[in-house]
Amino acid sequence: MDTPSRVEHQMTDKGYVPVYTTAVIEQPWSTYTETDHATWATLFQRQRELLVGRAAKEFVENQERFGMSADRIPRFDELNRVLRQATGWELIGVEGLLPELTFFEHLANRRFPVTWWIRRPEQLDYLAEPDLFHDLFGHVPLLLNPVFADYMQAYGCGGVKAAGIGPEALVNLTRLYWYTVEFGLIRTSEGLRIYGAGIVSSKGESIYSLESPAPNRIGFDLERVMRTRYRIDTYQKTYFVIDSYEQLMDATRPDFTPIYARLREAPSFPAGDVLATDSVFQRGTGEGWLADGDV
Ligand code: PHE
Ligand code: FE
């Protein structure tokens, strides 16, 4: 199979930006180069070592259930055999970020889009968009957890609904995704652990999110989270901590329609603010924070 055409670039007022196709692509596994497999191996080994005692335990457990290893880039069809059987989810290959509504519809149908290509060797520590390593190593393990798997589907359904309500609702919902699925921490009997995919796929943030005195670590509260702006270009200023995936599921079960209506009138919070009503695990020192750039 030929390598599917990579990203086209289009000139906009922000310079050249990548434009992706929304097509579902069969993973072109045989086209991965030795360099691609080596990139996977390096990242896999590095993060696995770092995540001992840092990531929620089901992370590594589930990667093992999937048979993910440093040896080679996993095959989606092999992962799918395990995943379908366990929670009825399915991975689909995609070129990259999808339009919001397309993404929500996949989740609502228990399909998780995975970027088929892997970053280049000079991008080991950072890249601005999701690649195969972020998606497979970061997101896919928790899809074996039945409660988290249901949360992801409910999120997709909620997204379809929010898209019909309006852009402000989508902003609120996106913040929830950001502070849970991407950058969430969980409290365990052994201490705080990482479950967010954006953290576990990043060497620097895996350490920073748990060990740095700079960021806030605050107990999860639905409306608080939905009002909090976030960072896309630096580590987070605030991490929200859940007690369990059940807590997340229960908190997000109610109909959000009245919440969206209420939040339209409510101001948003800067990413680094601590409120009097917060349940604070750690008040950050704010060291190294950039003053502007919250989105
Ligand atoms: N209960 C939410 C709604 O009515 C849907 C949702 C569930 C959103 C889980 C996010 C996460 O919109
Ligand atoms: Fe992600």
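Because the structure is a prediction, the values reported are computed rather than measured.

Asks: Could you give an account of the overall build of the protein chain, with specific residues and numbers?
Replies: The number of helices and strands found in the protein chain is 12 helices and nine strands. Scaling as 2.2 N^0.38, a compact globule of 295 residues should have a C-alpha radius of gyration of about 19 Å, and the protein chain matches this with 19 Å. Counting only residues that meet the buried cut, the protein chain has 37% of its 295 residues in that class.

Asks: Explain unusual backbone geometry residue by residue, including any values.
Replies: For Arg110, which is not a glycine, the phi torsion comes out positive at approximately 60 degrees. As for its position among the elements, Arg110 is in the loop between helix H4 (100-108) and strand S4 (111-115). On the basis of neighbour count, Arg110 is assigned to the partly exposed category, with 18 C-beta atoms found within 10 Å.

Asks: Kindly report on the sheet that holds strand S6 (residues 191-194), identifying the contributing residues and their values.
Replies: On the basis of which strands lie adjacent, the open sheet formed by five strands has the order S6-S5-S8-S7-S9 and mixed pairing. What marks the edges here is a single partner per strand, and that holds for S6 and strand S9 (280-282). Between one strand axis and the next, the sheet turns by 35 degrees as a mean value, whatever way the strands run. Taken together, the four bridges between strand S5 (residues 185-188) and S6 define a ladder with antiparallel strand orientation. Each bridged residue has a counterpart across the sheet, and for Ile186 the counterpart in S6 is Arg193. Contacting S5, S6 and strand S8 (238-242), helix H9 (residues 203-211) crosses the sheet at an angle of about 155 degrees to S6.

Asks: Can you break down the site of ligand 1 residue by residue, with the values?
Replies: Lining the immediate environment of ligand 1, one finds Tyr151, Ala154, Tyr155, Cys157, Gly158, Lys161, Leu176, Thr252, Arg253, Pro254, Asp255 and Phe256. It is helix H6 (residues 146-165) that contributes the most residues to the shell around ligand 1, six residues altogether. Here the shell around ligand 1 is composed, by residue class, of seven nonpolar, two polar and three charged.

Asks: Talk me through the pairing of strand S7 (residues 216-219); I want residue IDs and the actual numbers.
Replies: Burial of the side chains of S7 is restricted to one face: Asn216 and Ile218 are buried, whereas none of Arg217 and Gly219 on the reverse face is. Summarising the sheet, S7 and S8 pair through four bridges and their orientation is parallel. Bridge assignment links Gly219 to a residue of S8, and that residue is Val241.

Rules used throughout
- Residues numbered from 1 in each chain as written.
- Chains lettered and ligands numbered in written order.
- Predicted model: local features only at pLDDT ≥ 70, side-chain atom pairs only at ≥ 80, totals over all residues.
- Helix = DSSP H or I, 4+ residues; strand = E, 2+ residues; numbered from the N terminus.
- Rg over C-alpha atoms; globule rule 2.2 N^0.38 Å.
- Buried ≥ 20, exposed ≤ 12 C-beta atoms within 10 Å, placed from the backbone.
- Pairing = 2+ DSSP bridges.
- Axes fitted to C-alpha atoms, helices over the stretch in contact; angles between N-to-C directions.
- Contact = placed C-beta atoms within 7 Å.
- Near = placed C-beta within 6 Å.
- Nonpolar A, V, L, I, M, F, W, Y, C, P; charged D, E, K, R; others polar.

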